[in-house]
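Fold and contact review
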Number of protein chains: 4
Amino acid sequence: MERDEKDYLEHCLALLKERGVTVEDIADCARYLQSGYHHSLKTEELCLSVLKVLEKREVQFAVMTGIALDKAAEQGLLPDKELEGLLMEDAPLYGVDEVLAYGICNTYGSIALTNFGFIDKDKYGIIRKLNEAGKGTGRCNTFLDDLVGAIAASAASRFAHNVEEE
Amino acid sequence: MERDEKDYLEHCLALLKERGVTVEDIADCARYLQSGYHHSLKTEELCLSVLKVLEKREVQFAVMTGIALDKAAEQGLLPDKELEGLLMEDAPLYGVDEVLAYGICNTYGSIALTNFGFIDKDKYGIIRKLNEAGKGTGRCNTFLDDLVGAIAASAASRFAHNVEEE
Amino acid sequence: MERDEKDYLEHCLALLKERGVTVEDIADCARYLQSGYHHSLKTEELCLSVLKVLEKREVQFAVMTGIALDKAAEQGLLPDKELEGLLMEDAPLYGVDEVLAYGICNTYGSIALTNFGFIDKDKYGIIRKLNEAGKGTGRCNTFLDDLVGAIAASAASRFAHNVEEE
Amino acid sequence: MERDEKDYLEHCLALLKERGVTVEDIADCARYLQSGYHHSLKTEELCLSVLKVLEKREVQFAVMTGIALDKAAEQGLLPDKELEGLLMEDAPLYGVDEVLAYGICNTYGSIALTNFGFIDKDKYGIIRKLNEAGKGTGRCNTFLDDLVGAIAASAASRFAHNVEEE
């Protein structure tokens, strides 16, 4: 691949920011997932873990794809109007958003998957905000909330593995 | 395969019962997972869904394998004493128990995976009991609690899909 | 969901046809995957299995999403030009196309995944045609060839399980 | 975890060796998977990648679990005689062996999964030897051949990603 991988990290950080998500927002979700095990964890300690997850090429491609689908639906650009309808209403049984999320979590092992399942149902912090902002507002966050959950879940799992190993 | 598939369903139900788990216990977990969407659901309505999940060959083989590992560890029969130690202490980063659980959930789609992640962390009902009974008691439930969570998550997902389709 | 599920099956069949793929093409790939086990299988015998796979909602949503991405890339409609470039060149490490394909195969169990891996590398029949037609021609089949492989792999696995059970 | 992770790497290498598998055997399979892309690759270049895969805790636990099941079946130690029968005959629809293999591949992304699917069906090198040695000989390699395939597929995928990034 001729493109520079670093570009995609910055590209993804810019895409997330444009959609209202900061690294700190995601790190706060990761901290929440770890709070049962490490009581005095600070969000800053997890920011690095979030960035490490976002450095992975597979994660970057999932983020780019999901956000492009959200934006294309919002702007009426999708060639399939049936699909556009499903994305705009965040249809609960659509499931492809979660398939992309699992693609991210899988690369961090089974604990990341469990973390994702929990936070996807519990909808903590920015995930709740994104989910609510994407309901009947002309805004589409169908993929974004799951991507954020998956990155947070992966960052929490990554952090847990590293702490155990020390 | 020359063996009769029905035998494995009965075989699995007998294995679960022997380890202290009934179909109703699993259906209660599935009901809990659906309670946010269908408030007046009764456990009985989910028993059929649990049985349908248990009729699947892939589920039966996962159940048989996981329970055999738990029992072999308990009885000191495993040829690998390192592994036996990990299973007896239910080491949090072991992860193979969750890999088997995901093997079950995967066949019911992305919602089943999310449900599993939630109940695995939340530890409702029989899952909490199994988890606690398997800590430092000479009893090994390392695989069993995850298998039960996966069957409940799959049964809840199966139920949700069928209700939506009606 | 208020939409009729039947619509999506017809919708998906129309999308596949529009992109140059028939049920027979997919059934031919499924037959190829089973040919080592059942020598005299005919393509027609696998058409029903392909249709059964395509009736699954999760499969339909994956097909709709992947084809919409291919078409949007082709027509220059994607809001992310970096992503558009990756899709148009069918970048080998992109991987999200395969994540969608695994989302389909997962619901048919581990044998479907193995079948997909084989045919994705071996590139039999329509899969080879799609792959070649999508290289530097202004045509984008980045998702389509993997979706077809996944449906064929699932149909072959579904067929194998049913034959074994008889 | 109080145990030293290094021990598990040596422990796994010893288990593999005892079952007739060397790092070179696995690296040869990884080389085969990459041979279409890098014609003059040598097995030695892939040995390091195989070792890196085997350093991962999730991989080690899968290896230990699968080999323990193979050995326990062989020695008649499994508490479930139905399961023991399935393992001894390497029943084609058992599938839990592949679930463990996918647990390994998943952590290396979608290309590792595709590689596994291919080599699992193609049965190159040591994988073919293990598969044949485990058929009706009193020897059980039901898990081992899939574990070796998964490690080779992951090592090949890891190598491909690193070469692309250079």
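Structural notes, computed from the coordinates.

Here chain B sits on chain D after a turn of 180 degrees about the axis and a move of 0.0 Å along it, with an RMSD of 0.0 Å. Taken together, these values place the two copies in the relation of a two-fold axis. Among all residues of chain B, the one whose C-alpha sits closest to the rotation axis is Leu77 of chain B, at a distance of 3.1 Å. When you check the interface residues of chain B against chain D, 97% turn up at the interface there too, and the contact is symmetric in its surfaces.

This part covers the relation of the copies chain C and chain D. Superposing chain C onto chain D requires a rotation of 180 degrees together with a translation of 0.0 Å along the rotation axis, leaving an RMSD of 0.0 Å. Here 100% of the interface residues in chain C have copies in chain D that are interface residues too; the copies meet face to matching face.

Look at Lys123 of chain C: it is not a glycine, yet its phi comes out positive at around 55 degrees. Structurally, the position occupied by Lys123 of chain C is in the loop between helix 7 (110-122) and helix 8 (125-133).

With that out of the way, let us pick up empty space enclosed by the protein. The full count for this structure, using the stated rule, is six cavities of 30 Å³ or more. Reported here for the largest cavity is a volume of approximately 540 Å³. Along the wall of the largest cavity there are 36 residues; nearest its centre are Asn106 of chain A, Asn106 of chain B, Asn106 and Leu113 of chain C together with Asn106 of chain D. Listed by contribution, the elements that provide at least two residues to the lining of the largest cavity are helix 6 (96-106) and helix 7 (110-122) of chain A, helix 6 (96-106) and helix 7 (110-122) of chain B, helix 6 (96-106) and helix 7 of chain C together with helix 6 (96-106) and helix 7 (110-122) of chain D.

In this assembly, 31 residues from chain B lie in contact with 30 residues from chain D. Across the chain B to chain D interface the summed buried area is about 2,900 Å²; carbon plus sulfur atoms make up 69%. Three residues stand out in chain B for area buried against chain D, namely Phe61, Pro79 and Glu82 of chain B, and they jointly supply 17% of the buried area on that side. Remark: the boundary between chain B and chain D carries zero salt bridges. Across the chain B-chain D interface, the total number found is four residue pairs in polar contact (both at pLDDT 80 or more). Of all the secondary structure elements, the ones that give two or more residues to the side of chain B that touches chain D are helix 1 (5-18), helix 4 (57-74), helix 5 (81-88) and helix 6 of chain B. With nine residues, the single largest contributor to the side of chain B that touches chain D is helix 4 of chain B. Its residues assigned to classes, the side of chain B that touches chain D comprises 20 nonpolar, four polar and seven charged.

Glancing now at the interface of chain C and chain D. At the interface, 20 residues of chain C touch 20 residues of chain D. Buried surface at the junction of chain C and chain D, summed over both partners, amounts to about 1,800 Å²; 67% is from carbon and sulfur atoms. Taken together, the links from chain C to chain D amount to zero salt bridges. If you look at where chain C meets chain D, you find eight residue pairs in polar contact (both at pLDDT 80 or more). For the side of chain C that touches chain D, the elements supplying multiple residues, two or more each, are helix 6, helix 7 and helix 9 (144-165) of chain C. The biggest single contributor to the side of chain C that touches chain D is helix 7 of chain C, with 10 residues. Here the side of chain C that touches chain D is composed, by residue class, of 10 nonpolar, six polar and four charged.

So, about the packing of helix 4 (residues 57-74) of chain D against helix 5 (residues 81-88) of chain D. The description of two packed helices rests on the angle between their axes and on the distance between the axes. All names here are of chain D. Taken N-terminus to C-terminus, the directions of helix 4 and helix 5 make an angle of 105 degrees; their axes are 9 Å apart at the nearest point. The pairing of helix 4 with helix 5 is recorded here as roughly perpendicular in orientation. Mapping the contact onto sequence places Leu69, Ala72, Ala73 and Glu74 in helix 4 and Glu84, Leu87 and Met88 in helix 5. Its residues assigned to classes, the contact of helix 4 with helix 5 comprises five nonpolar, no polar and two charged.

What counts and how
Residues numbered from 1 in each chain as written. Chains lettered and ligands numbered in written order. Predicted model: local features only at pLDDT ≥ 70, side-chain atom pairs only at ≥ 80, totals over all residues. Heavy atoms only, no water. Least-squares fit on C-alpha atoms with pLDDT ≥ 70 in both. Contact = heavy atoms within 4.5 Å. Helix = DSSP H or I, 4+ residues; strand = E, 2+ residues; numbered from the N terminus. 1 Å grid on protein atoms, 1.4 Å probe; cavity = no way out; pocket = protein on both sides within 12 Å on 5 of 7 lines; lining within 4 Å. Points joined across faces, edges and corners; volume = space filled by probe spheres on them. Buried area = accessible area lost by both parts, 1.4 Å probe. Salt bridge = Lys/Arg side-chain N within 4 Å of Asp/Glu carboxyl O. Polar contact = N/O pair within 3.5 Å; in protein donor to acceptor, adjacent residues only side chain to side chain. Nonpolar A, V, L, I, M, F, W, Y, C, P; charged D, E, K, R; others polar. Axes fitted to C-alpha atoms, helices over the stretch in contact; angles between N-to-C directions. Parallel < 35°, antiparallel > 145°, perpendicular 65-115°, else oblique.

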